[in-house]
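One letter stands for each residue in the lines below.
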Amino acid sequence: MRSAQLILPAMAALLFLLTGLSLTSGCNKALCASDVSKCLIQELCQCRPSDGNCSCCKDCMLCLGNLWEECCDCVGMCNPKNYSDSPATSKSTVEELHRPIPSLFRALTEGDAPINMMVVSFPVAEEFTHHENLVSFLESLNSRPQNVSVPGNSIHTSIDPHEKMCTVVYFDDCVSIRQCKQYCESMGGSKYRWFHNACCQCIGPECLDYGSKAVKCLNCLF
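Residues numbered from 1 in each chain as written. Predicted model: local features only at pLDDT ≥ 70, side-chain atom pairs only at ≥ 80, totals over all residues. Heavy atoms only, no water.

Student: Just to check I follow, could you spell out the overall build of the protein for this structure?
Tutor: Looking only at helices and strands, the protein features 6 helices and 7 strands. In sequence order, the secondary structure elements of the protein are arranged as α-α-α-α-β-α-β-β-β-β-α-β-β. Among the 222 residues that make up the protein, the fraction classed as buried is 38%. Put simply, 65% of the contacts in the protein that link residues at least 6 apart link residues at least 24 apart. Per element, the accessible surface of the protein, about 12,300 Å² overall, is 55% carbon and sulfur. (Helix = DSSP H or I, 4+ residues; strand = E, 2+ residues; numbered from the N terminus. Buried < 20%, exposed > 50% of the residue type's maximum accessible area, 1.4 Å probe, protein only. Contact = heavy atoms within 4.5 Å. Areas by Shrake-Rupley, 256 points an atom, 1.4 Å probe, with all protein chains shown as cover.)

Pasting the structure below:
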């Protein structure tokens, strides 16, 4: 009975705050709603830096984790983003996966595409035009970065790019960056590319770089 008395006020507050998300033009609700809800239920993002109160800022940042940059405006922690100046589809985060299974990836992408996925193949040479606007968040493990930013003048000279096709997989629906990494690992992918509109691309073993910069998730295009 007591637990119900505690839960009801929390849910009421959550509904009020989530309703407020629709009033924040910069909030990416498709990407942020789930994680923001979790942090609000735990009451980790209740303070307001704009009012001079940042007592919960660190806890809120830790709760949102990798989504802090994209979702801090949804909880009133930072200024609303102007996506017209820099659309989410023009930025992406990339990371190499350390235990790829090429045979698994090829088996899953041959023939008809699995449900809720799109398989796309293109000449490897096209990858070298896809360096623009890559954004990475760096995490250290044994003093080695897991995520990498690729410079626009990166050059590959050891392999003829015309010999192979690069195969990538897009998931139809929006997913978080953590889900994107997990899904691509479960498919045996070599790398993943997560667009900041929450579109996920898994990159196959024949790709020499980070796949395509084109957003092709059917239900997650904007």
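Student: Just checking my understanding: could you explain the pairing of strand β6 (residues 191-195) for this structure?
Tutor: In summary, the side chains of a regular strand alternate between the two faces of the sheet. Counting buried residues in β6 gives 5 out of 5 residues, a clear majority hidden from the surface. The side-chain alternation of β6 yields two buried faces, one formed by Lys191, Arg193 and Phe195 and the other by Tyr192 and Trp194. Judged from the 5 bridges that link them, strand β1 (residues 92-96) and β6 form a sheet pairing that is antiparallel. Following the sheet pairing, serine 92 is matched in β6 by phenylalanine 195. With 4 bridges joining them, β6 and strand β7 (residues 200-203) adopt antiparallel strand pairing. Residue pairing across strands places lysine 191 opposite isoleucine 203, the latter belonging to β7. (Pairing = 2+ DSSP bridges.)

Student: When you look at the state of the cysteines in this model, what are you seeing that I'm missing?
Tutor: Two cysteines whose sulfur atoms are joined by a covalent bond form what is called a disulfide. Scanning all chains against the criterion turns up 11 disulfides. Shown here is the disulfide that connects cysteine 39 with cysteine 63, its sulfur atoms set 2.1 Å apart. Handedness of the cysteine 39-cysteine 63 disulfide follows from its S-S torsion of about -105°: it is left-handed. On the criterion of sequence distance, the pair formed by cysteine 39 in helix α2 (residues 29-41) and cysteine 63 in helix α3 (residues 57-64) is long-range, its members being 24 residues apart. Two residues, cysteine 180 and cysteine 200, share a disulfide whose sulfurs are 2.1 Å apart. Handedness of the cysteine 180-cysteine 200 disulfide follows from its S-S torsion of about 80°: it is right-handed. Placement of the pair is cysteine 180 in helix α6 (residues 177-186) and cysteine 200 in strand β7, with a sequence separation of 20 residues. Like cysteine 200, cysteine 180 is buried. (Disulfide = S-S within 2.5 Å.)

Student: Could you clarify how one ought to interpret α2 in this entry?
Tutor: Since there are 3.6 residues in each turn of an α-helix, residues three or four apart along the chain are aligned in direction. Considering bend angle alone, the principal kink of α2 is centred on aspartate 35 and spans about 30°. Taken residue by residue, α2 has Leu31, Cys32, Asp35, Val36, Ser37, Cys39 and Leu40 as its buried positions. Positive phi shows up at glutamate 43, right after α2, with a value of about 55°. (Bend = angle between axes of the 7 residues up to and from the residue.)

Student: Explanation requested: the environment of serine 34 in the structure shown.
Tutor: Its location among the elements puts serine 34 in helix α2. Judged by relative accessible area, serine 34 falls into the exposed class, the value being 57%.

Shape descriptors only; they carry no functional weight alone.
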